[in-house]
Amino acid sequence: MALRSRSLITLVAVATLSLSACATAPGPHITGSGQCHAEPLAWAIGKPADEANMRALLKQSGAGLIDPIGPATITASATRDDRLRVFIDRNNVITEVKCE
């Protein structure tokens, strides 16, 4: 019984350490209020939706969340003040940016 108890304690300890490692991973760095502002992002229309451009859009918008929308993506009508939606065509080119 002592061996079984020790094994259970070890298993719980490993699981706890694994979960705590996930919880300490850094998330996106958000500056400002998290409010999205799409006005200064017109430069991105016609550009490729690559990682560098998406990161620049997120940073410049001030949004806390970026949501790439492809041609076949179905979206909900719920709006959020902290979300930047980037509309992308089938050639991976940015066609529109909106805060919604």
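All values derive from a computational prediction rather than experimental measurement.

Here is what the cut-offs are and how they apply
- Residues numbered from 1 in each chain as written.
- Predicted model: local features only at pLDDT ≥ 70, side-chain atom pairs only at ≥ 80, totals over all residues.
- Heavy atoms only, no water.
- Buried < 20%, exposed > 50% of the residue type's maximum accessible area, 1.4 Å probe, protein only.
- Helix = DSSP H or I, 4+ residues; strand = E, 2+ residues; numbered from the N terminus.
- Arc of directions from axis to C-beta.
- Contact = heavy atoms within 4.5 Å.
- Disulfide = S-S within 2.5 Å.
- pLDDT = per-residue confidence, 0-100.
- Core = buried A, V, L, I, M, F, W, Y, C linked by side-chain atoms within 4.5 Å.
- Pairing = 2+ DSSP bridges.
- Axes fitted to C-alpha atoms, helices over the stretch in contact; angles between N-to-C directions.
- Salt bridge = Lys/Arg side-chain N within 4 Å of Asp/Glu carboxyl O.

### Describing helix α2 (residues 51-61)
- Taken as a whole, α2 has its buried residues at Asn53, Met54, Leu57 and Ser61. Across the axial projection of α2, the buried residues extend over an arc of 100°, all falling on one side. Of the exposed residues in α2, the ones pointing more than 90 degrees away from its buried face are Glu51, Ala52, Arg55 and Lys59.
- Here the buried face of α2 lies against β1 (65-69), β2 (83-88) and β3 (94-99).

### A word on the state of the cysteines
- As enumerated under the stated definition, the model contains 1 disulfide in all.
- Each sulfur in the disulfide pair cysteine 36 and cysteine 99 lies 2.0 Å from the other. Between cysteine 36 and cysteine 99, the disulfide has an S-S torsion of -70° and is therefore left-handed. Taken as a pair, cysteine 36 in the loop between α1 (2-23) and α2 and cysteine 99 in strand β3 lie far apart in primary sequence, 63 residues in all.
- On the basis of relative accessibility, which here comes to 9%, the residue cysteine 36 falls in the buried class.

### Things to note about the confidence of the model for the chain
- Of the residues in the chain, 67% have a pLDDT of 70 or more, and the chain-wide mean is 79.
- β3 holds the highest mean pLDDT among the elements of the chain, 96, whereas α1 holds the lowest, 51.
- Low pLDDT, under 50, characterises residues 17-27; the predicted model gives this stretch 0 contacts beyond four residues in sequence or across chains.

### Regarding the nonpolar core
- The biggest cluster of nonpolar side chains holds 13 residues, and the ones touching the most others in it are Leu41, Met54, Leu57, Leu84, Val86, Ile94 and Val97.
- Mapped by element, the contributors of at least two residues to this core are α2, β2 and β3.
- In terms of residue count, β2 provides more of this core than any other element does, 3 residues in total.
- Leave out the neighbours within four places in its chain, and leucine 41 touches Leu57, Gln60, Ser61, Leu84 and Val97.

### Focus: the sheet that holds β3
- Spatial strand order, β1-β2-β3: 3 strands in an open sheet with mixed pairing. Two strands in the sheet have a free side with no partner beyond their single neighbour: β1 and β3. When the angles between neighbouring strand axes are averaged without regard to direction, this sheet yields 20°.
- On top of the sheet, α2 reaches β1, β2 and β3; it is set at about 145° to β2, its chief contact.

### Observations regarding the pattern of salt bridges
- In the structure shown here, the tally under the stated rule is 6 salt bridges.
- Between aspartate 82 and arginine 80 there is a salt bridge, and its shortest N-O distance comes to 2.9 Å.
- Owing to a relative accessible area of 24%, aspartate 82 belongs among the partly exposed residues under this scheme.
- Overall, arginine 80 belongs to the partly exposed group, its relative accessible area being 39%.

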